[in-house]
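Chains, contacts and geometry: an overview
Here is what each chain is made of, one letter per residue.
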Amino acid sequence: MSTTSAVHTPVAPITTPIVTAQVTTVALLLGTAIAALLVYYFVGVDEGAMSIFGKSMVLHELFHDGRHFLGFPCH
Ligand SMILES: [Zn+2]
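Residues numbered from 1 in each chain as written. Predicted model: local features only at pLDDT ≥ 70, side-chain atom pairs only at ≥ 80, totals over all residues. Heavy atoms only, no water.

As named in an unreviewed UniProt entry, the protein is CbtB-domain containing protein, taken from Nocardioides eburneus.

Take a look at the structure:
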């Protein structure tokens, strides 16, 4: 009866970089930057300026609690 113990050596995970086309990467970065700026504007800056067009404070009221939660100055 032979007793062979298997030695388990840790195996490093194989990492493969994500390769995308440069145009796709630039489009993703620009889209993300534009979306982030829009979110920043509506949460942190908009004080009802968009209400000029619709004469309502819907967007301001929609983001109002988020503005207070994130510590942006409001009123
Ligand atoms: Zn407020």
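Right, let's get into the side chain of His64. Its location among the elements puts His64 in helix H3 (residues 58–70). Overall, His64 belongs to the buried group, its relative accessible area being 16%. Ignoring any residue separated from it by four or fewer positions in sequence, one finds His64 in contact with Cys74 and His75. (Helix = DSSP H or I, 4+ residues; strand = E, 2+ residues; numbered from the N terminus. Buried < 20%, exposed > 50% of the residue type's maximum accessible area, 1.4 Å probe, protein only. Contact = heavy atoms within 4.5 Å.)

Here Asp46 shows up in the loop between helix H1 (22–45) and helix H2 (51–54). Assessed through its relative accessible area of 1%, Asp46 is described here as buried. Between the C-alpha atom of Asp46 and that of His60, which follows or precedes it by 14 residues, the distance is 6.6 Å.

Right, let's talk about the packing of aromatic side chains for a bit. Considering all chains together, one arrives at 3 aromatic pairs under this definition. With centroids separated by 5.3 Å and ring planes inclined at 70 degrees, the aromatic side chains of Tyr41 and Phe42 adopt a geometry described as edge-to-face. Looking at Tyr41, the relative accessible area reads 26%, which means it is partly exposed. Exposure remark for Phe42: the relative accessible area of 18% places this residue in the buried category. Between the aromatic rings of Phe42 and Phe63, the centroid separation amounts to 5.8 Å while the plane-to-plane angle is 15 degrees, which identifies the pairing as stacked. With Phe42 in helix H1 and Phe63 in helix H3, this pair connects stretches of sequence that are 21 residues apart. Feature note: the residues Tyr41, Phe42 and Phe63 constitute an aromatic cluster, connected by ring pairs. (Phe/Tyr/Trp six-rings, centres within 6.5 Å; stacked < 30°, edge-to-face > 60°.)

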